[in-house]
Amino acid sequence: MSILIKNGNIITATDNYVADIFIEGETIKTIGKNLNVKADQEIDATGKLVFPGGIDPHVHLDMPFMGTFSSDSYETGTRAALHGGTTMVIDFILQTQGKSLHDALKEWKGRSDNNCVGDYSFHMAVTDFNDDTKKEIKEFIEDEGIVSFKTFMAYKGALMIDDRQMIGLMEEVKKHGGLINVHATNGDMIDYLVAKHKAEGKLSPLYHYLSQPEITEAEASERFVDMASYTGCPGYIVHLTCEGALNAVRNATRRNQKMFVETCIQYLIIDASLYEREDGAKWVMSPPLREKKDQATLWAGINQGLVQVVATDHCPFKWEQKLMGKDDFSKIPNGHPAIENRMELLFSEGVAKNKITLNKYVEVACTNPAKIFGMFPRKGTIAVGSDADIVIFDANEKHTISAKSHHMNVDYSAYEGWELTGKVKTVLLRGEVAIDENKCLLQKGFGKFIKRKKVSQTI
Ligand code: URP
Ligand code: ZN
Ligand code: ZN
């Protein structure tokens, strides 16, 4: 099967030019002006943007969490991602304390194998680092192609590890060429504040926000970058939300550390005032939404190169599941749906409003996730030899977000009624048309597990 995309305005992290793209099989064969080749299918992209498939390196599909499961399966989640221009996601395997990493891998494969529509990989969340787990790190990196290890400095009693475990894990991961991801908030401080608010009868969603003030994130981020500096392990802070935490990273940058930062689309465009609404539980996530001043810091951080990735932390729960915490904010399952909306929201709020350039857009949504997580240049760019993961995008089309038309398995949208500029028109995944005019043409099972390289080869 071959496809010729004619006359599109190709955008990569560094370039912006009009040309044709010839695709044969799964990969890009030729790029050039007025290519004189015959293809099985021709797509006219005149007047459209053509950029690499988005990579969302932070999603939670079908994940057991807080007494329930996130509501998107691997099928519905990766299909919704494709509708929104995201061709690959990285999901999280969670180790159960007392069990092995391989036990968890087996459980997650049971839910994801042959169920994905789009491509995917896993980060391995280590929640119990001990002599047995230590032996598994090398096997994950070298045999499984899973090279990033997630740690939680919060969710005490469930997922959190202490600093002793963190240092040990960092030394092992560094030795084998991997990277540590972190949910950097101070779990003990948060635990104290949650208990205090509950004892005072303060139980509404607003107290979720007030139990995780900025200092809890700034302190943990500083501690994490210091431990990473000491061990020399590359680090990646997930879902960074605020000025205080970003300042900790500035220090790491001055020391020339390999320290990367992800923020998520929600932290750039919505704020904590939503917690005062009756349906505030829809936005209960950790860390919580912050202030307008933090949004400004994050946009600036993107342009300064301090924030390299914009992800989603997609972790959807239906309204009925959110109601598990109707009388107690600490029982509201944490997370919100955005896997389908990230690329269009970031374009509309970022590019169309002149906050970031088109090249920066591709860099933070497509290219940097591929580089940081060991997939570049196979993924994350438009180049000869790369996978033909391509989005054809109308920069001018206006549309409105609604739960009535989205494809995520959740009965509300966190962005209901938002009017956006710019729409995904056609999406290709490894040389196959995945989305055409709002229709998904691929079946579950098409999505491949992507084995990743040691990050020491790509960053
Ligand atoms: O609220 C969130 N973020 N839910 C998913 C788990 C996590 O901490 O990333
Ligand atoms: Zn987290
Ligand atoms: Zn998450």
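All of these numbers come straight from a predicted model, not from anything done at the bench.

**Side note on the packing of helix α3 (residues 131-144) against helix α4 (residues 163-175)**
Helix-helix packing: each pair is described by the crossing angle between the helix axes and the interaxial distance.
At step 1: Close contact between α3 and α4 brings their axes to 9 Å; oriented N to C, the two are set at 35°. Our pair here, α3 against α4, has a crossing hand that is right-handed. Along the contact surface, α3 presents K134, I137 and I141, while α4 presents L169, E172 and V173.
At step 2: Residue composition of the contact of α3 with α4, by class: four nonpolar, no polar and two charged.

**Observations regarding the pairing of strand β9 (residues 86-94)**
At step 1: For β9, a buried count of nine out of nine residues is recorded, marking the element as mostly surrounded by other parts of the structure.
At step 2: In this sheet, β9 lies alongside strand β6 (residues 54-59) in parallel orientation, the contact comprising four bridges. Looking across to β9, one finds that D56 is bridged to V89.
At step 3: Pairing of β9 with strand β10 (residues 119-125), which is carried by seven bridges, proceeds in the parallel orientation. Opposite I90, over in β10, you have S121 as the bridge partner.
At step 4: Note that the unit made of β9, helix α2 (residues 101-112) and β10 has a crossover that is right-handed.

**As for the pattern of salt bridges**
At step 1: Counting across every chain of the model gives 36 salt bridges.
At step 2: The shortest N-O distance in the salt bridge between E243 and K293 comes to 3.5 Å. Placement of E243 in helix α8 (residues 243-254) and of K293 in helix α10 (residues 292-304) is noted, with a sequence separation of 50 residues between them.
At step 3: On the basis of relative accessible area, E243 is assigned to the partly exposed category, the value being 30%.
At step 4: Residue classification places K293 among the partly exposed positions, given a relative accessible area of 37%.
At step 5: Linking K282 and D279 is a salt bridge whose minimum nitrogen-to-oxygen distance equals 3.0 Å.
At step 6: Accessibility expressed as a relative area gives 15% for D279, which makes it buried.
At step 7: Through salt bridges with shared partners, a single network forms among E26, D119, R378, K379, D387, D389, R430 and K448.

**Considering the coordination of the zinc ion (ligand 2)**
At step 1: Looking at the metal site, the zinc ion (ligand 2) is ligated by H183 (ND1) and H239 (NE2), spaced 2.1 Å from it.
At step 2: Geometry at the zinc ion (ligand 2) is irregular, judged from the four donor atoms that bind it and their angles of 56 to 152° at the metal.

**Focus: the coordination of the zinc ion (ligand 3)**
Six octahedrally arranged donors around a metal ideally form angles of 90 or 180 degrees; four tetrahedrally arranged donors ideally form angles of 109.5 degrees.
At step 1: Donor atoms from the polypeptide that coordinate the zinc ion (ligand 3) comprise H58 (NE2), H60 (NE2) and D313 (OD), at 2.0 to 2.1 Å from the metal.
At step 2: Look at where the donors of the zinc ion (ligand 3) fall in the sequence and you get H-x1-H-x252-D.
At step 3: Between the zinc ion (ligand 3) and the zinc ion (ligand 2) the interatomic distance amounts to 3.9 Å. In this pair, H58 is assigned in strand β6 and D313 in the loop between β15 (309-311) and α11 (319-322), connecting sequence segments 255 residues apart.

**Re helix α7 (residues 214-231)**
At step 1: Between its first and last C-alpha, α7 extends 26 Å over 18 residues, near the 26 Å set by a 1.5 Å rise per residue.
At step 2: Restricting attention to buried positions, one finds in α7 the residues T216, E217, A218, A220, S221, F224, V225, M227, A228 and T231.
At step 3: On its buried face, α7 sits against α4, β12 (179-183), α5 (187-199), β13 (235-237), α8 and β14 (259-264).
At step 4: Just beyond α7, the residue with positive phi is G232, at close to 75°.

**A word on the packing of aromatic side chains**
At step 1: Throughout the structure, instances matching the rule amount to 14 aromatic pairs.
At step 2: With 5.3 Å between their ring centres and 50° between their planes, F51 and F393 make a pair best called tilted. Linking F51 in strand β5 (residues 49-52) with F393 in strand β16 (residues 390-400), this pair joins segments that are 342 residues apart in sequence. Just as F51 is buried, F393 falls in that class too.
At step 3: When the ring of F65 is compared with that of Y155, the centres are 5.4 Å apart and the planes differ by 85°; the resulting orientation is edge-to-face.

Rules of the game
The numbering scheme is per chain: residues are counted from 1 as the chain's sequence reads. Just so you know, chain letters begin at A and ligand numbers begin at 1, following the order they were written in. Given that the model is predicted, a residue must reach a pLDDT of at least 70 before its local features are reported, and side-chain atom pairs must reach 80 or more before they are shown or counted; all residues, however, enter totals for whole chains, interfaces and linings. Hydrogens and waters are ignored; side-chain quantities use all the structure's heavy atoms. To obtain each axis, a line is fitted to C-alpha atoms, and for helices this fit is confined to the stretch in contact; angles are then taken between N-to-C directions over 0 to 180 degrees. A run of DSSP states H or I qualifies as a helix once it reaches four residues; a run of E qualifies as a strand once it reaches two. Both are numbered from the N-terminal end. Crossing handedness is read from the near helix: turned anticlockwise from the far helix by less than a right angle, it gives a left-handed crossing, and turned clockwise, a right-handed one. Residue contacts follow a heavy-atom distance rule, with two residues in contact if any of their heavy atoms lie within 4.5 Å. Lys, Arg, Asp and Glu make up the charged group, whereas Ala, Val, Leu, Ile, Met, Phe, Trp, Tyr, Cys and Pro make up the nonpolar group; the residues left over, Gly among them, are polar. Residue exposure (1.4 Å probe, protein chains only): buried if accessible area is under 20% of the type maximum, exposed if over 50%, otherwise partly exposed. Only strands joined by at least two bridges in the DSSP assignment are considered to pair. Crossovers are described as right-handed under a simple rule: with the strands pointing away from the observer, the path leading from the first strand over the helix to the second runs clockwise. When a carboxyl oxygen of Asp or Glu is within 4 Å of a side-chain nitrogen of Lys or Arg, the pair counts as a salt bridge. Donor atoms are limited to N, O and S found within 2.8 Å of the metal ion, a distance that becomes 3.2 Å for Na, K and Ca. With water left out, some sites might look partial. All geometry calls rest on donor angles, where a four-donor set with angles between 85 and 135 degrees is tetrahedral, four- and six-donor sets with opposite donors more than 155 degrees apart and all others between 65 and 115 are square planar and octahedral, and all else is irregular. In a helix, the anticipated span is given by 1.5 Å times the number of residues less one. What counts as a ring pair is set by centres within 6.5 Å for rings of Phe, Tyr and Trp (its six-membered ring), and what kind of pair is set by the plane angle: stacked under 30 degrees, edge-to-face over 60, tilted for all other angles.

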